[in-house]
Each structure stands twice: as structure tokens, then as C-alpha cells.
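# Commentary on secondary and tertiary structure
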Amino acid sequence: MAKTTIIALQAPPPTADLHPGPAAESWRAGHVLHNPGLYGPTQARMLGAVRMVFGIFFLINLVLHFSPAYAARFLPDMMHAALAPGQPEWLGHWAASVAAVFQFLGQGRALALMFGIETLLTLGLLTGLGFPLLGWLGLLYELFLWSTIGGLGGPYTSGATDPGTAIVYALGFAVILLTRAWQGASWWQGQARAPSRDGLRLAFLLFGALWAFDAYWKWLPGFLNHITGFFTAAQAGQPGWIVAWIGLFVALMHLIGPYTFAVLAATMETVIAASLLFSHHLPVKWLRLALLFCLSYSLVLWSTAEGFGGPYGAGFTGNKGDVLGTTNVYAIIALFLMAAVWTRRGSAARTGVVASRNASTA
């Protein structure tokens with residue numbers, strides 16, 4: 001005769017970093033950054049769905065990279081990025097070493113290896129198979145791209161606005177690892193486990209540090225005094241409807257004043273950074289609003305200042321790194337974190353219970 005045993009794991013008791021008092025206890029009880037016992041199957045499914053969206057973007061990037069023109073431009077673009085004025089001298093030596101390895105292996109073989117890695121990462125993101133190992137591979141691979149063809153996001157001179165593209169993709173893989181986002185909406189069949197509280201907090205801190213870096217550059221004169229140029233430059237080579245869409249924001253910018261518009265943008269990015277860096281001090285409802293704002297703001301940036309990552313041509317895109325864009329990945333990371341902090345209404349009162357079912361034969 002079969003019987004079912006339900007094992008209830010109560011949420012861990014409050015730790016030393018919680019402030020005493022009923023008010024503090026009430027909002028922290030339903031906060032996944034304080035009480036990971038609230039994490040459940042719904043979060044796993046939502047995180048898995050976002051991971052698959054990331055995989056779709058990765059698949060499109062992979063198709064772009066299979067262009068013969070991309071292969072022909074890879075080494076020249078890498079050397080150009082490393083030797084650009086303002087870049088550190090050691091970066092040129094690193095790029096030359098990588099170029100020497102490519103020549104030793106043969107450029108065709110080296111690029112085939114890279115495309116093989118990207119294919120594995122794409123399949124892993126779409127299915128959840130191969131993680132967490134593929135998560136570490138993706139993290140290291142994107143850091144490699146960031147230090148070569150990405151030029152570390154530099155040179156960091158007047159007018160720089162972000163740390164580059166591949167570092168954001170690397171952060172995407174780091175967030176997958178920290179939130180255990182390979183567990184849901186896939187063919188992955190292992191036993192699901194909640195991410196650690198410290199892992200979730202680290203994910204928010206890393207994303208907050210990225211936004212803080214961006215916000216810093218937005219407060220400098222190179223951005224505040226030349227914001228119109230960033231938007232008009234994004235119109236070059238684009239189809240008419242994208243030119244018209246960006247033109248709406250340029251018109252709005254002139255209506256309220258370019259400098260005021262730039263200060264507003266810098267302020268919004270500062271608020272996003274602060275919300276992420278101090279996420280565990282915010283009630284869940286405020287944190288959700290901050291993440292929703294982060295998501296919306298990222299999509300607006302992608303569709304305007306980045307022009308949806310275009311223009312697109314044989315073996316290149318308008319975005320450094322030959323991918324669909326940068327701030328679209330910011331939006332995906334925001335979705336990962338929104339899924340991680342999602343809880344059902346009223347779950348705080350229930351204190352969160354994780355149940356597992358074991359069937360045995362008597």
C-alpha cells in the first residue's frame with residue numbers, strides 16, 4: 001500500500017540583520033530577500049520563462065555571428081577596440097596575444113570553436129540543460145568577449161555612457177546562476193532548490209552596481225551637454241519608422257530642454273541604482289515598482305538611444321559587440337529579478353512552506 005508523506009520546511013528564523021519590532025517583522029516576513037522559504041514553484045517557472053527569452057536573444061545573436069562578414073571582421077575589430085586612443089596599454093598586449101592564438105589555431109578553427117560555445121549556450125538557455133556548468137561557461141565566455149572585441153567597454157572618455165555589451169551578458173549568466181533559473185520551464189528534471197538569500201542579494205547588488213556605473217557617467221558633462229547627439233546618432237542608417245520613433249523623443253527633449261532632459265535621465269538611473277543596491281531595505285511592493293520602472297526605462301533606452309540595436313548589416317549591428325543591443329539585456333535581468341521576488345498575495349501571512357512528496361511502498 002502506497003502512502004504519501006508531506007514534509008513541511010518552515011522558513012528560517014529571523015537573522016541578526018533584522019531589526020526588532022513588529023513593524024519590521026511584518027514586511028520582512030513576506031520578503032524573499034529576507035526569507036527564502038517563500039520561494040516556490042511559481043518563481044521557478046517564471047525564472048525559467050525569462051531564461052528562455054534570454055535564449056531567444058542569444059539565438060538571434062548566434063545567427064548574426066554566422067555571417068562570413070562577422071568572421072572576417074572579428075580580429076580587425078578586436079585590435080581596433082584594444083588600440084583605440086584612451087585604452088590601457090596592457091589591453092593591446094592582451095588582444096595581440098589572442099590574435100596570435102587565433103593564427104596558431106587557424107582563424108577558421110578558432111571561430112568555429114567560438115560558434116560552438118555560443119550554440120551550446122543557446123541550447124542551454126532554451127532548455128535549461130547543462131546548467132549550472134553552462135552558466136559558468138557563459139559567464140567566462142562573455143568576459144572573454146568583453147576583454148577582446150568589446151574592448152572592456154572603453155575607452156572611458158567624455159561621452160561614455162556604459163561599460164559595454166558583453167559584460168551585461170556576463171551579468172545575465174551570473175544572475176541565472178544566483179537565482180537558479182535553469183530549474184523551471186524546461187526539460188531539466190533535477191530536484192528544484194530555492195536560491196540562497198545571499199545569492200539573491202548578490203544578484204541585486206551586481207545589477208545595482210552596473211546601474212550605478214551608468215549613472216556616474218550620465219552626470220558628467222560629456223553626457224549632460226551632448227544628449228541630443230546620442231539620440232540623433234541612433235537614427236543613422238535606420239528604417240523610417242525607427243527614425244520617426246526616435247524623433248518623437250528628440251522633439252520631447254527640445255520641448256523640455258536637452259540639459260533638463262539629461263539631468264532627468266541621470267536622476268532616474270541614480271534612483272534605479274539606489275533601489276537595487278538597497279533592495280533588502282525596501283518592502284516588496286516598492287521593490288517590484290522599482291524593478292518595473294527599471295524594465296520600462298531599459299526598453300525605452302533600447303528602442304531610442306540604441307535604435308533597437310541597429311542598424312543591421314552583414315556581420316555587424318549598430319551595437320558594439322555585434323548583438324541585438326545592451327539595454328535589452330538590462331530589461332531581461334530586471335525580469336529575472338522580478339520573477340525572483342514574486343510572491344502570491346497573502347503569502348507573507350502564511351510564512352511560506354515548501355512541500356515535497358515521497359511515495360514509498362509498505
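Residues numbered from 1 in each chain as written. Predicted model: local features only at pLDDT ≥ 70, side-chain atom pairs only at ≥ 80, totals over all residues. Heavy atoms only, no water.

The step from F131 to P132 runs through a cis peptide bond, and the omega angle for that step is 10°. When you line up the elements, P132 lands in the loop between α5 (107–127) and α6 (133–147). For the peptide bond that leads from G310 to P311, omega is 0°, which places it in the cis range. With respect to the element layout, P311 can be found in the loop between α13 (284–303) and α14 (327–340). For R180, which is not glycine, the phi torsion reads 55° and is therefore positive. (Helix = DSSP H or I, 4+ residues; strand = E, 2+ residues; numbered from the N terminus.)

With that settled, the discussion passes to a nonpolar patch on the surface. A surface patch of nonpolar side chains, about 380 Å² in accessible area, is lined by L252, L255, I256 and L264. Here the nonpolar patch takes three residues from helix α11 (residues 240–256), the largest share from any one element. Tracing the backbone through its elements, the reader meets L255 in helix α11. (Patch = residues over 30% accessible without salt bridge, like charges linked within 9 Å, V, L, I, M, F, W, Y side chains within 5 Å. Areas by Shrake-Rupley, 256 points an atom, 1.4 Å probe, with all protein chains shown as cover. Salt bridge = Lys/Arg side-chain N within 4 Å of Asp/Glu carboxyl O.)

Turning our attention to the nonpolar core. Ranked by internal contacts, the top residues of the largest apolar core, which has 88 residues, are F54, F74, F207, W211 and F336. Examining the composition of this core, we find that eleven residues originate from one element, helix α7 (residues 166–179), more than from any other. If sequence neighbours within four positions are ignored, W211 has contacts with E269, I272, A273, L276, C294, Y297, S298 and Y330. (Core = buried A, V, L, I, M, F, W, Y, C linked by side-chain atoms within 4.5 Å. Buried < 20%, exposed > 50% of the residue type's maximum accessible area, 1.4 Å probe, protein only. Contact = heavy atoms within 4.5 Å.)

The description of an aromatic ring pair uses the distance of the two centres, along with the angle that the planes make with each other. Counting across every chain of the model gives 23 aromatic pairs. Centroid distance F54 to F58: 6.0 Å. Interplanar angle 85°. Geometry classified as edge-to-face. One end of the pair, F54, and the other, F58, are both in helix α2 (residues 41–65), four residues apart, so they sit about a helical turn from each other. The two residues F54 and F58 agree in class, both being buried. Measuring from ring centre to ring centre gives 6.4 Å for F131 and W182, while their planes differ by 10°; the resulting arrangement is stacked. (Phe/Tyr/Trp six-rings, centres within 6.5 Å; stacked < 30°, edge-to-face > 60°.)

For the rest of this paragraph, the subject is the packing of α7 against α14. It is the contact of α7 with α14, at a shortest axis distance of 9 Å, that shows an interaxial angle of 10°. Relative to α14, α7 is oriented roughly parallel. The handedness of the crossing between α7 and α14 comes out as left-handed. In this structure, α7 contributes V168, Y169, L171, G172, V175, I176 and T179 to the contact, and α14 contributes V329, Y330, I333, F336, L337 and A340. Across the contact of α7 with α14, the residue classes break down as eleven nonpolar, two polar and no charged. (Axes fitted to C-alpha atoms, helices over the stretch in contact; angles between N-to-C directions. Parallel < 35°, antiparallel > 145°, perpendicular 65-115°, else oblique. Left-handed = near helix turned anticlockwise from the far one by under 90°. Nonpolar A, V, L, I, M, F, W, Y, C, P; charged D, E, K, R; others polar.)

This part covers helix α12 (residues 258–277). A rise of 1.5 Å per residue sets the reference length of α12, with its 20 residues, at 28 Å; its end C-alpha atoms lie 29 Å apart and thus fit the reference within 8%. When α12 is considered as a whole, its buried residues turn out to be F261, A262, A265, A266, E269, I272, A273, S275 and L276. Where α12 is buried, its residues touch α8 (197–218), α9 (221–224), α10 (227–233), α11, α13 and α14. (Expected span 1.5 Å × (residues − 1).)

Another point: the side chain of T304. Relative to the helices and strands, T304 is located in the loop between α13 and α14. Ignoring any residue separated from it by four or fewer positions in sequence, one finds T304 in contact with F231, A234, W245, I246 and F249.

The topology assignment puts E269 in helix α12. A relative accessible area of 1% means that E269 is categorised as buried. In this structure, E269 is in contact with W211, D214, A215, K218, Y297 and L301, ignoring residues within four places of it in sequence.

Right, let's talk about the environment of L337 for a bit. Note that L337 resides in helix α14. L337 sits in the buried class, given a relative accessible area of 0%. Each C-alpha atom of the pair L337 and L291 lies 7.5 Å from the other, and the pair is 46 residues apart in sequence. Among residues more than four places away in sequence, those in contact with L337 are V175, A203, F204, F207, L276 and L291.

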